[in-house]
Amino acid sequence: MGQIDALNWLRPSNNREPDRPAGCPDYVRDTAFGTWFLDTQTWVQHVLCRALDDLQRMMEPGRTYPEVLDVGCGRGRALRLLDERFRPRRIVGLDPEPGVRACVAQAAAQCRSTVEFHLANASDTQLPDCAFDLVFCNQTFHHIVDQELAILEFYRVLKPGGALLFAESTRRYIHSWIIRLLFRHPMHVQKTAEQYIALIRSAGFDLPAERISYPYLWWSRPDLGILEKLGLPPPPEREETLVNVVAVRRG
């Protein structure tokens, strides 16, 4: 059985980087509905597992990942899946919400790996350089305000040759009426799939086209998959709603 250990605690929220205005949030907290939804089996099966399945098929076969970082771990629903699929020695779950710690502890008890909870923001993780073999960021990035700093943090904490598993909803989806109604996000930082790919590459990651995927899952479609259920194909010309990438830190 796994165990959960305490790591460093987040600095007071008014301690910002010198170029960040006082009072500027690091992330936007979701609605009560959004928080509830992330703990459902619908989220686990249709969002989390589908993303991991897609990402794994693009990863280097036979590679091991002893040290794993789960960015935006929330209530820890990904911890057991990361433990089962990658068999790491240690998983660090990072999240800025102290209230999730008890849920992470429960999830850790189901893991073979040692699980540690780290209270911090993705744009200022306070983790050591070159500490992880794999960074997992699933549907977290669109909550982060300073996305440029966050992607640089992912690069910094990865070991040379380490992998970033990045699964994200694009601006098209986050700006859709149903998401605006039910969830809360920093709307001004949302990006297209192409912009996310450019951001990752600009941080120094190696990201060839064969390690990029554009899933068009039923829950991300404007019609919520009704046309798919009727057997009709998706429109050939569309703005992508999801992007999954496996990026590698250059040596």
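Scope of this entry: the structure provided in the associated data block. Computed from a predicted model, the values in this text were never measured in an experiment.

Structural notes on the pairing of strand E5 (residues 132-138)
- With seven of seven residues buried, E5 is to be regarded as a mostly interior element.
- Across four bridges, strand E2 (residues 67-71) lies against E5 in parallel orientation. By the bridge assignment for E5, Val-68 is matched with Leu-134.
- The pairing of E5 with strand E6 (residues 158-169) spans six bridges and is classified as parallel. Bridge assignment links Phe-132 to a residue of E6, and that residue is Leu-158.
- Since E5 and E6 lie parallel, the crossover through helix H5 (residues 147-157) that links them has a hand, and here it is right-handed.

Concerning unusual backbone geometry
- With a phi close to 50 degrees, Cys-130 is a non-glycine residue in the positive phi region.
- Along the chain, Cys-130 falls in the loop between strand E4 (114-119) and E5.
- Classification of Cys-130 by relative accessible area gives partly exposed; the value is 34%.

Focus: the packing of H5 against helix H8 (residues 193-202)
- Remark: H5 packs on H8, axes separated minimally by 9 Å, with the N-to-C direction vectors making an angle of 50 degrees. Viewed along their axes, H5 and H8 adopt a mutual orientation that is oblique. Our pair here, H5 against H8, has a crossing hand that is right-handed. Touching Gln-147, Glu-148 and Ile-151 of H5 are Tyr-196, Leu-199 and Ile-200, all from H8.
- Of the residues in the contact of H5 with H8, the class split is four nonpolar, one polar and one charged.

Description of H8
- All of the buried residues along H8 are Ala-193, Tyr-196, Ile-197, Leu-199 and Ile-200. Mapping the buried residues of H8 onto a view down its axis gives an arc of 160 degrees, with all of them on the same face.
- As for H8, its buried residues are in contact with H5, E6, strand E7 (205-206), strand E8 (212-213) and strand E9 (242-249).

Points about the pattern of salt bridges
- Throughout the structure, instances matching the rule amount to 16 salt bridges.
- Between Glu-60 and Arg-63 there is a salt bridge, with the nearest N and O atoms lying 3.8 Å from each other.
- Across the salt bridge formed by Arg-90 and Glu-67, the nearest N and O atoms sit 2.5 Å from each other. Here Arg-90 is found in strand E3 (residues 90-95), whereas its partner Glu-67 is found in strand E2, with 23 residues between them in sequence.

Regarding a nonpolar patch on the surface
- Together, Ile-226, Leu-227, Leu-230 and Leu-232 make up a nonpolar patch on the protein surface, roughly 390 Å² of accessible area in all.
- Secondary-structure assignment places Leu-230 in the loop between helix H9 (226-229) and E9.
- Taking the relative accessible area as the measure of exposure, Leu-230 reaches 61% and is therefore exposed.

Some remarks on the environment of Val-246
- Looking at the secondary structure, you find Val-246 in strand E9.
- Between the C-alpha atom of Val-246 and that of Arg-211, which follows or precedes it by 35 residues, the distance is 5.4 Å.
- Sequence-distant contacts of Val-246, that is, excluding residues within four places in its chain, are made with Leu-55, Met-58, Met-59, Leu-164, Leu-165, Asp-206, Leu-207 and Arg-211.

Looking at the pairing of E2
- Within E2, five of the five residues are buried, leaving the element largely enclosed by the surrounding structure.
- The alternating pattern of E2 places Glu-67, Leu-69 and Val-71 on one face and Val-68 and Asp-70 on the opposite face, and all of these are buried.
- When E2 meets E3, the two strands line up parallel, connected through five bridges. Bridge assignment links Leu-69 to a residue of E3, and that residue is Val-92.
- At this point the chain moves from E2, through helix H3 (residues 79-86), to the parallel E3, and the crossover so formed is right-handed.

Thresholds applied
Residues numbered from 1 in each chain as written. Predicted model: local features only at pLDDT ≥ 70, side-chain atom pairs only at ≥ 80, totals over all residues. Heavy atoms only, no water. Buried < 20%, exposed > 50% of the residue type's maximum accessible area, 1.4 Å probe, protein only. Helix = DSSP H or I, 4+ residues; strand = E, 2+ residues; numbered from the N terminus. Pairing = 2+ DSSP bridges. Right-handed = clockwise from strand over helix to strand, strands pointing away. Axes fitted to C-alpha atoms, helices over the stretch in contact; angles between N-to-C directions. Parallel < 35°, antiparallel > 145°, perpendicular 65-115°, else oblique. Left-handed = near helix turned anticlockwise from the far one by under 90°. Contact = heavy atoms within 4.5 Å. Nonpolar A, V, L, I, M, F, W, Y, C, P; charged D, E, K, R; others polar. Arc of directions from axis to C-beta. Salt bridge = Lys/Arg side-chain N within 4 Å of Asp/Glu carboxyl O. Patch = residues over 30% accessible without salt bridge, like charges linked within 9 Å, V, L, I, M, F, W, Y side chains within 5 Å. Areas by Shrake-Rupley, 256 points an atom, 1.4 Å probe, with all protein chains shown as cover.

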